[in-house]
Amino acid sequence: MVIEFDGTRKPTGLEVYDPIEQRRLHVRTPTAVSPTPADGRQFCHPVDTACSIETDSIVFDQLYGVHIHDEDGQSLCSLSANDSARFEEDARFLGLSGPIRVYTRLETTGLVETGIGSIHVTFDEPTTVTIGARSLHEQPAETITTTDEPAATMQAVSALSSALKTTSPERAWPTLRGHPPLIERGDRLEIPSTLEQPTTNVTIEVPATYQDIYAVSPLAFFLGAEIRESEYPAIVTDVATYDLALGMRLEDDVARTLKHIFLLECLVRTEGLYRDDLRERHLLEDELPFDFFDTYHASLTDRLEAYLSVPFDLVEAHIPRWPLTAHVPSTPEGVELLPFVVNELGIVREPRGTRIDALSEMPSPEVADAGFVRSAAPLSRSADLQRAPVFGPDDGAPTDLVVPAVTDESIEHAWFGSQVPRGASKATIEAYQNQLDRQQRTQSIEILLVCNDARMLDEHDVLDDAYGTRDTLPFDIHSEFGVSTDDLASLLTDGGYDFLHYIGHATPEGIQCPDGNLDVRTLPSVDLGVFFLNACQSYEQGLALAERGAFGGVATLGDIVNEHAVETGETMARLLNLGFPLRAALEMAKETTTIGDQYLIVGDGSADIAQTDGGVPSIIEVSDTPSGYDFVLRSYSTKEFRVGAASEVNLEPATQKYLSPGRVDVTDVQTGEAHSYLTWTNGPVLKHESLVWNDGLRSLDIC
């Protein structure tokens, strides 16, 4: 049993809990209820667990996407904030798209009303309400074994598309793209018989090289295509042939083609099960040369013909912001990384870049004078930035610093090469594998704060006000001061913490403790989720955590000034507390703090420590205009809301849904509307390049 249902007394109702992902949703009822097990086969959508309660109304305490479905699962209508709809005899299910998928079976008529932060369902008479829930925790179904022969690698990578749950335009929904099977290297090719690749009449032809096979892997996955050897790259269908890599690198063309097809599938899917009023469709529909209804019902190859007849320049501005680009070495070992990258539809690139001979990101003399640094060694200065020629994946040592050739394509650029990246994350396969082994966690989110320098207590005090401030989530915060090497080793290996925030000193050789340095590389394993090592030169220790059990975290390459480290620490803490993943939190820290550029992600940048209050995490950017305000809402993907999810703004006049992650501009917002929106919307607000921590009623000071 993946999902747990428990009756609650204060307040009365039902708690729905996912113990693997630590996600929860509370359902309030007028009086106490006693849930009884129910048959999940009553639902047209898959559920892990179901229960029944007796009541005349229910209230969901967070606002997520709401759809009313008929018996066959067809969406009859969807609701936005401050909306309402009656459900009559033809309505059978109420669906909620949150961090846990929840479906309510409707046995009588009634009314659904959505507010700013909750969903009220009132039945016309007391009734038995059956609630089903499905965890969004995904595991690879099988493991494929392949030899190092390119021909076998092609077959193995082609089989990743067996995780697609449909080849209709609905596959643009993240929940209909399962986690691809794992790939491991062995003595012979073995593809489990339980893996069924879709029949699509689409092949992708490429030269038999690791570089080309890896580059097309996300496109082959999304298209359900077979990869075959050919001298010239192309997509081949029973309708047409579409050449690739004409006038550009194959990886560049694959990135364009994948995004191009993906966007148009998102638009066409609005003719299907979920008929959302999608902003991107409104902006493009009149310029597209095909009929949406006819295209939705067409074959995949006919849809491709329609999509690829559209100039890329026409759709480019409307493509969601891509969450991940992975720089994967073109080596036999690289194939084992692909299932994790493809799971996010990540773009795959060769690890090319420019070597940096000296670290230039040490504090300048002016910054250093502002306070002491968090280094266990004397402050050193680097020479001017020295650059070496561009190198390929086989050049350089693990200690070499490199600036990747491409760093502006996605929210996160994950560098899987052996070198240390600047301007990208240092990704490790172990961080992804660690999450697959994740077992049930405690009911509360366990956070460990370690402060090993009394002069840095200011940051600890700030963090007390940053973590655990959300009423709907249980946090358990533990603070430790002056922790010895043995005690820190025990906390890391046996503590089972979901998040570690370390404040103190470090060197590449260890984390500083009162009795010496703890070198994490000497530990056999750690029991830890996410970490933030707010200390100088903590990269090597962060990498060791990610390789020994942690999911991912943030560390530093050089020395950092304490005063500015406190600023960055508070920003990261507040964003992580609100449900931002590492990649989104660090991007904002780099944009809004003094030394944010000196931090990098180690491990999996999609890791997080908490769910959001409702939908995708977003930054609200506000600027003054002569007649009011302009708003920009920047949304980020999460593990539950991956690329292709639909979100909404709830700010007049922008009432349509939009694709996430992305950006929505809302101009000429009147003062009253702006005040109302910020009053009822909790979240970070960006104004004058600084973050303001909007907690609702205090937000009137922003405008």
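Reading the values: the criteria
Residues numbered from 1 in each chain as written. Predicted model: local features only at pLDDT ≥ 70, side-chain atom pairs only at ≥ 80, totals over all residues. Heavy atoms only, no water. Helix = DSSP H or I, 4+ residues; strand = E, 2+ residues; numbered from the N terminus. Rg over C-alpha atoms; globule rule 2.2 N^0.38 Å. Buried < 20%, exposed > 50% of the residue type's maximum accessible area, 1.4 Å probe, protein only. Contact = heavy atoms within 4.5 Å. Polar contact = N/O pair within 3.5 Å; in protein donor to acceptor, adjacent residues only side chain to side chain. Disulfide = S-S within 2.5 Å. Pairing = 2+ DSSP bridges. Axes fitted to C-alpha atoms, helices over the stretch in contact; angles between N-to-C directions. Left-handed = near helix turned anticlockwise from the far one by under 90°. Nonpolar A, V, L, I, M, F, W, Y, C, P; charged D, E, K, R; others polar. Core = buried A, V, L, I, M, F, W, Y, C linked by side-chain atoms within 4.5 Å. Salt bridge = Lys/Arg side-chain N within 4 Å of Asp/Glu carboxyl O. Patch = residues over 30% accessible without salt bridge, like charges linked within 9 Å, V, L, I, M, F, W, Y side chains within 5 Å. Areas by Shrake-Rupley, 256 points an atom, 1.4 Å probe, with all protein chains shown as cover. Lys, Arg positive; Asp, Glu negative; His and termini not counted. Charge placed at Lys NZ, Arg CZ, Asp CG, Glu CD.

Right, let's talk about the overall build of the chain for a bit. For the chain, the count of helices and strands is 16 helices and 42 strands. Relative to its length of 703 residues, the chain is compact, with a C-alpha radius of gyration of 25 Å against a globular reference of 27 Å. When its C-alpha atoms are laid out on the principal axes, the chain stretches across 75 × 65 × 55 Å. Scored against the burial criterion, the 703 residues of the chain give a buried share of 61%. Long-range contacts, defined as pairs at least 24 residues apart, comprise 70% of the intrachain contacts of the chain with a sequence gap of at least 6.

By the element assignment, Val-348 lies in strand E20 (residues 347–349). Between the C-alpha atoms of Val-348 and Val-254, which are 94 residues apart in sequence, the distance is 8.9 Å. The contacts of Val-348, once residues within four sequence positions are left out, are Tyr-214, Ala-215, Ser-217, Pro-218, Glu-251, Ala-326, Val-328, Leu-338 and Val-341.

Inspection of the secondary structure puts His-69 in strand E6 (residues 65–69). On the basis of relative accessible area, His-69 is assigned to the buried category, the value being 1%. Polar contacts involving the side chain of His-69 include one to the main-chain carbonyl oxygen of Gly-73, which spans 2.9 Å.

The subject of this paragraph is the state of the cysteines. This structure, assessed with the given rule, holds zero disulfides. Cys-44 supplies the cysteine sulfur nearest to Cys-77, a cysteine that is in no disulfide, at a spacing of 14 Å. For Cys-77, a relative accessible area of 26% translates into the label partly exposed. Cys-513 takes part in no disulfide bond, and the closest cysteine sulfur, belonging to Cys-451, lies 12 Å away. Judged by its relative accessible area of 6%, Cys-513 falls in the buried class.

In this section: the sheet that holds strand E40 (residues 663–669). Sheet architecture is open: five strands sit in the order E40-E37-E36-E41-E42, paired in mixed fashion. Two strands lie at the open edges of the sheet, namely E40 and strand E42 (690–694), each paired on one side alone. Taken over all neighbouring pairs, the strand axes of this sheet differ in orientation by 25° on average, direction set aside. Relative to strand E41 (residues 683–687), strand E36 (residues 618–625) runs parallel, the two being bridged by two bridges. By the bridge assignment for E41, Ile-620 is matched with Val-685.

Let's shift gears to the packing of helix H14 (residues 562–577) against helix H15 (residues 582–592). When two helices pack together, you describe them by how their axes are tilted relative to each other and by the distance separating the axes. Where H14 contacts H15, the axes come no closer than 9 Å and their chain directions differ by 145°. The interaxial crossing formed by H14 with H15 has right-handed handedness. Contacts between H14 and H15 pair Glu-567, Thr-568, Thr-571, Met-572, Leu-575 and Leu-576 from the former with Leu-582, Ala-585, Leu-586, Met-588, Ala-589 and Thr-592 from the latter. Its residues assigned to classes, the contact of H14 with H15 comprises eight nonpolar, three polar and one charged.

Here we take up the sheet that holds strand E32 (residues 516–518). Reading across the sheet, the three strands line up as E30-E31-E32 and stay open at both edges, with antiparallel pairing between neighbours. With one partner strand each, in any of the chains shown, strand E30 (506–507) and E32 form the two edges of the open sheet. As paired elements, strand E31 (residues 510–513) and E32 share three bridges and run antiparallel to each other. Bridging across to E32, Cys-513 finds its partner in Gly-516. Running over the sheet, helix H12 (residues 485–494) touches E31 and E32 and is turned about 15° from E32.

Looking now at the nonpolar core. With 75 residues, the main nonpolar core has Phe-290 and Phe-416 as its most contacted residues. Among the elements that make up this core, the one with the highest residue count is helix H3 (residues 250–268) (eleven residues). The residues touching Phe-290, leaving out its near neighbours within four places in the chain, are Leu-264, Val-268, Thr-295, Ala-306, Tyr-307 and Val-310. Within the second largest apolar cluster, 42 residues are counted, among which are Ile-447, Leu-449, Met-456 and Val-530.

Within the secondary structure, Glu-430 sits in helix H10 (residues 429–436). Under the relative-accessibility criterion, Glu-430 is labelled partly exposed at 28%. In contact with Glu-430, not counting residues within four places along its chain, are Ala-546 and Glu-547.

A word on the pattern of salt bridges. Following the criterion strictly, the structure yields 38 salt bridges and no others. Between Glu-570 and Arg-574 there is a salt bridge; the shortest N-O distance is 3.0 Å. Here Arg-574 and Glu-570 lie together in helix H14, a separation of four residues that amounts to about one turn. By relative accessible area, Arg-574 is classed as partly exposed at 22%. Salt bridges linked by common partners bring Glu-251, Asp-252, Lys-259, Arg-349, Arg-352 and Glu-409 together as one network.

Attention now goes to the side chain of Asp-276. Within the secondary structure, Asp-276 sits in the loop between H3 and helix H4 (279–284). A relative accessible area of 7% means that Asp-276 is categorised as buried. Discounting residues that sit within four places of it in the chain, Asp-276 has contacts with His-67, Ser-78, Trp-173, Thr-270, Ala-646 and Lys-657.

Let us now look at helix H13 (residues 539–547). Taking burial as the measure, the nine residues of H13 include seven buried ones, the bulk of the element. Considered for burial, the residues of H13 that qualify are Tyr-539, Gln-541, Gly-542, Leu-543, Ala-544, Leu-545 and Ala-546. One or two residues past the end of H13 sits Gly-549, with phi positive at roughly 145°.

To continue, consider a negative patch on the surface. A contiguous patch of negative charge, built from Asp-458, Asp-461, Asp-464 and Asp-465, is present on the exposed surface. Within the fold, Asp-465 resides in the loop between helix H11 (457–464) and strand E28 (475–481).

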